[in-house]
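The primary structure of each chain is shown beneath.
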Amino acid sequence: AADFIVKQFGAFSPKMAQLAQYAFDHQWIEAEDRPNKQPGGYMESLPETGESRIFLTFTGSANDASTIAHELGHAFHSSVMTDLPFFRQDYAMNVAETASTFAEMIVADANVREAKTEAEKITLIDAKMVNPLAMFLNIHARFLFETRFYDARQDHLLTAEELDNMMLQAQKDAFNNSLSSYSPHFWATKLHFYIDDVPFYNFPYVFGYLFSLGIYARAQQSGDFEDQYIALLRDTANMSTEDLAQKHLGVDLTQPDFWEQGVALIEKDIDDFMQLSETLLN
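The rules behind the values
Residues numbered from 1 in each chain as written. Predicted model: local features only at pLDDT ≥ 70, side-chain atom pairs only at ≥ 80, totals over all residues. Heavy atoms only, no water. Salt bridge = Lys/Arg side-chain N within 4 Å of Asp/Glu carboxyl O. Buried < 20%, exposed > 50% of the residue type's maximum accessible area, 1.4 Å probe, protein only. Helix = DSSP H or I, 4+ residues; strand = E, 2+ residues; numbered from the N terminus. Contact = heavy atoms within 4.5 Å. Axes fitted to C-alpha atoms, helices over the stretch in contact; angles between N-to-C directions. Parallel < 35°, antiparallel > 145°, perpendicular 65-115°, else oblique. Left-handed = near helix turned anticlockwise from the far one by under 90°. Nonpolar A, V, L, I, M, F, W, Y, C, P; charged D, E, K, R; others polar. Pairing = 2+ DSSP bridges. Phe/Tyr/Trp six-rings, centres within 6.5 Å; stacked < 30°, edge-to-face > 60°. Lys NZ or Arg CZ within 6 Å of the ring centre and 35° of its normal. Lys, Arg positive; Asp, Glu negative; His and termini not counted. pLDDT = per-residue confidence, 0-100.

Regarding the pattern of salt bridges
Right, so step 1: One pass over the structure, following the stated rule, counts 12 salt bridges.
Right, so step 2: Here Glu51 and Arg53 are joined by a salt bridge, their closest N and O atoms 3.0 Å apart.
Right, so step 3: Classification of Glu51 as partly exposed rests on a relative accessible area of 23%.
Right, so step 4: Judged by relative accessible area, which is 35%, Arg53 ranks as partly exposed.

A closer look at helix α1 (residues 2-12)
Right, so step 1: Looking at α1, one finds that the buried residues are Ile5, Val6, Gln8 and Phe9.
Right, so step 2: Its buried side turned inward, α1 meets α2 (14-25), α3 (62-79) and α5 (98-113).

Considering the environment of Glu146
Right, so step 1: Locating Glu146 in the fold gives a position in helix α7 (residues 130-153).
Right, so step 2: Remark: the alpha-carbon pair of Glu146 and Asn202, spanning 56 residues in sequence, is separated by 9.0 Å.
Right, so step 3: In this structure, Glu146 is in contact with Phe193, Pro199, Phe200, Tyr201 and Asn202, ignoring residues within four places of it in sequence.

Quick look at the packing of α7 against helix α8 (residues 160-174)
Right, so step 1: Contact pair α7 / α8: the axes reach a minimum separation of 8 Å and the direction vectors enclose 140 degrees. The angle between the axes of α7 and α8 places the two elements in the oblique class. For the crossing formed where α7 meets α8, the hand is right-handed. Counted together, Leu137, His140, Ala141, Leu144, Phe145, Arg148, Phe149 and Ala152 of α7 and Leu163, Met166, Met167, Gln169, Ala170, Gln171, Asp173 and Ala174 of α8 form the full contact between these two elements.
Right, so step 2: Partitioning the contact of α7 with α8 into residue classes produces 11 nonpolar, 3 polar and 2 charged.

As for the sheet that holds strand β3 (residues 51-56)
Remark on secondary structure: sheet strands pair via backbone hydrogen bonds, oriented parallel or antiparallel.
Right, so step 1: The strand order across the open sheet formed by 3 strands is β1-β3-β2, and the pairing between neighbours is mixed. Taken across any chain shown, the strands that pair with only one partner, and hence form the sheet edges, are β1 (29-30) and β2 (41-46).
Right, so step 2: Across 6 bridges, β2 lies against β3 in antiparallel orientation. Its bridge partner being in β3, Gly41 is matched across the sheet by Leu56.
Right, so step 3: Here α3 sits on the sheet and contacts β1, β2 and β3; the angle it forms with β2, its principal contact strand, is near 20 degrees.

A few points about the packing of aromatic side chains
Right, so step 1: The full count for this structure, using the stated rule, is 21 aromatic pairs.
Right, so step 2: Ring centres of Phe149 and Tyr150 lie 5.6 Å apart, and the angle between their planes is 70 degrees; on these two criteria the pair is classed as edge-to-face.
Right, so step 3: Between the NZ or CZ atom of Lys37 and the centre of the ring of Phe55, over which it lies, the distance is 4.7 Å.
Right, so step 4: The positively charged end of Lys172 is found above the aromatic ring belonging to Tyr182, 5.9 Å away from the centroid.

Section: the pairing of β3
Right, so step 1: Side chains Ser52, Ile54 and Leu56 project from β3 onto a buried face, and the interleaved Glu51, Arg53 and Phe55 project onto a face without burial.
Right, so step 2: Note: β1 against β3, 2 bridges, orientation parallel. By the bridge assignment, Ile29 is partnered in β3 with Ile54.
Right, so step 3: Where β2 folds back on β3, the antiparallel hairpin that results is connected by 4 residues, among which Gly50 adopts a positive phi of roughly 70 degrees.

Structural notes on the side chain of Glu97
Right, so step 1: Here Glu97 shows up in the loop between α4 (86-89) and α5.
Right, so step 2: Although Glu97 lies buried, it forms no salt bridge, and the closest oppositely charged side chain, Arg142, sits 11 Å away as judged by the N-O distance.
Right, so step 3: In this view, Glu97 contacts His70, His74, Tyr205, Gly208 and Ser212; residues no more than four positions away in its chain are not counted.

Regarding the confidence of the model for the chain
Where the model shows low pLDDT, its predicted coordinates should not be examined in detail.
Right, so step 1: Per-residue confidence for the chain averages 92 on the pLDDT scale, and 99% of its residues sit at or above 70.
Right, so step 2: For the chain, the element scoring lowest by mean pLDDT is helix α10 (residues 203-221), at 89; α8 scores highest, at 98.

Okay, structure coming up:
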């Protein structure tokens, strides 16, 4: 997985590949799969040393390899900003997932390209589709719930039963009544609803995902994107996202073109999945 990630990063940015190789060689990543260890991944930057540390559980799956790439993307974002003043490094939540999602997409796409069989390709596309399903459906449900919660809270304290009903309705609306089962207690188990200094913690994920998709789409059209990409990352705490995109990408985020380029990548994955899986259904 390490060799594969370094190789694929290098196709887009030698500096990304160099940072990843350094992280692997110097044991920045705690990846042991051991009993009672929590799943998921997390990166923390160490400003005094200019390094990062990554915590995750690697089981050998394609999704785990994408998680490593995701967290290394965060580490790369931090690494290109270490020489900047502190407040120039404190970027907002809406761009916090830019470099991580970009790095994850590089590896996920490469996994699909290098699949040995159609069945393997179907499985890897399905793994890729976890992200857009989460962003457009699951996190949409969270946004609907939180919006309605704040509206109702203006009037009174909500009971657990009211929160259950509100969560259930948000999921039904977001998924268009298409699920076989729902999770009305989700409000009680999701940490993001309890982070009191960042309300609507769901929004940055969707925005960052779509922003990264648009950047990734443009990177595929450009033969030399590394310097432009690094310059964009270095300015993430220096200006609004609209100004950031205009300066480094030459795009207007208030218009649909940039966003539609990214969404087109998702549509292609859907089309490929439907076409490949058709043979298994007949």
